[in-house]
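# Residue-level structural notes
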Amino acid sequence: MTVLRSVVLGYGSYLPERVLTNAELAQRVDTSDEWIVQRTGIRQRHIAAEGEFTSHLGLKAAQAAIAKAGIDAQSIDLIVLATSTPDNTFPATAVAIQNGLGINHGAAFDLQAVCSGFIFGLATADNFLKAGMFKRALVIGAETFSRILDWNDRGTCVLFGDGA
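Note that the structure is predicted; figures quoted are calculated from it, not measured.

Definitions and cut-offs
Residues numbered from 1 in each chain as written. Predicted model: local features only at pLDDT ≥ 70, side-chain atom pairs only at ≥ 80, totals over all residues. Heavy atoms only, no water. Phe/Tyr/Trp six-rings, centres within 6.5 Å; stacked < 30°, edge-to-face > 60°. Helix = DSSP H or I, 4+ residues; strand = E, 2+ residues; numbered from the N terminus. Buried < 20%, exposed > 50% of the residue type's maximum accessible area, 1.4 Å probe, protein only. Lys NZ or Arg CZ within 6 Å of the ring centre and 35° of its normal. Disulfide = S-S within 2.5 Å. 1 Å grid on protein atoms, 1.4 Å probe; cavity = no way out; pocket = protein on both sides within 12 Å on 5 of 7 lines; lining within 4 Å. Points joined across faces, edges and corners; volume = space filled by probe spheres on them. Nonpolar A, V, L, I, M, F, W, Y, C, P; charged D, E, K, R; others polar.

## Considerations on the packing of aromatic side chains
The full count for this structure, using the stated rule, is 3 aromatic pairs. On the basis of an interplanar angle of 75 degrees and a centroid distance of 6.2 Å, the ring pair of Phe109 and Phe128 is categorised as edge-to-face. Here Phe109, found in strand E4 (residues 107–111), pairs with Phe128, found in helix H5 (residues 117–130); they are 19 residues apart in sequence, far enough to count as distant. Its relative accessible area of 25% is what places Phe109 among the partly exposed residues. Taken together, a centroid distance of 5.5 Å and an interplanar angle of 90 degrees make the contact between Phe128 and Phe134 edge-to-face. These aromatic residues form a ring-pair network of at least three members: Phe109, Phe128 and Phe134. Geometry around Trp151 places Arg28 over its ring, the cationic atom sitting 5.0 Å from the centre. When the ring centre of Trp35 is taken as reference, the NZ or CZ atom of Arg154 above it lies at 3.9 Å.

## Considering the state of the cysteines
Counted under the stated rule, the structure contains 0 disulfides. Not engaged in a disulfide, the cysteine Cys115 finds its nearest cysteine sulfur in Cys157; these two sulfurs lie 16 Å apart. For Cys115, a relative accessible area of 76% gives the class exposed. On the basis of relative accessible area, Cys157 is assigned to the buried category, the value being 0%.

## Brief notes about the layout of surface pockets
Where empty space is left can be seen by rolling a probe of water-molecule size over the atoms. Volume-wise, the largest pocket comes out at about 790 Å³. Residue lining of the largest pocket: 32 residues in total, with Val7, Val8, Leu9, Ala137 and Leu138 positioned closest to the centre. Among the elements of the structure, helix H3 (54–69), H5 and strand E5 (137–141) are those that each provide at least two residues to the lining of the largest pocket. No other element matches H5, which puts 6 residues into the lining of the largest pocket. Grouping the constituent residues of the lining of the largest pocket by class yields 22 nonpolar, 5 polar and 5 charged.

Structure, rendered in structure tokens:
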């Protein structure tokens, strides 16, 4: 009996250009660099630019992963995007990434599981591949939490940034 297994061929990432430091946050909320670093280890976070959406971050990370893997984007027939900050409720943000890659076949969908989203995305893609439903999958984790944060809540605004 032949057992199918998934193999990671490449990886990629993308961070928005704008960096928000702890010192900048300390000007907005009652906090300090020392307080944030002591509790989280975070010194800075990246923030998406105006008009830069989750799909843009995910597409850039996907392009980097495809280049690193040395494959043709057209060989991908499944895209799973783990995100809690989609561009829109409908259609799925994964479809925008699929379109950006020039792929017009296969399936693309979003999966929302917050912090564990990427792990569930990998498991979901792995199961589809093992079942023989798809041949090659692209799994992406991308977020633009800066758009939904309460920037006056020091308990959460210090924790999140944007990236893929």
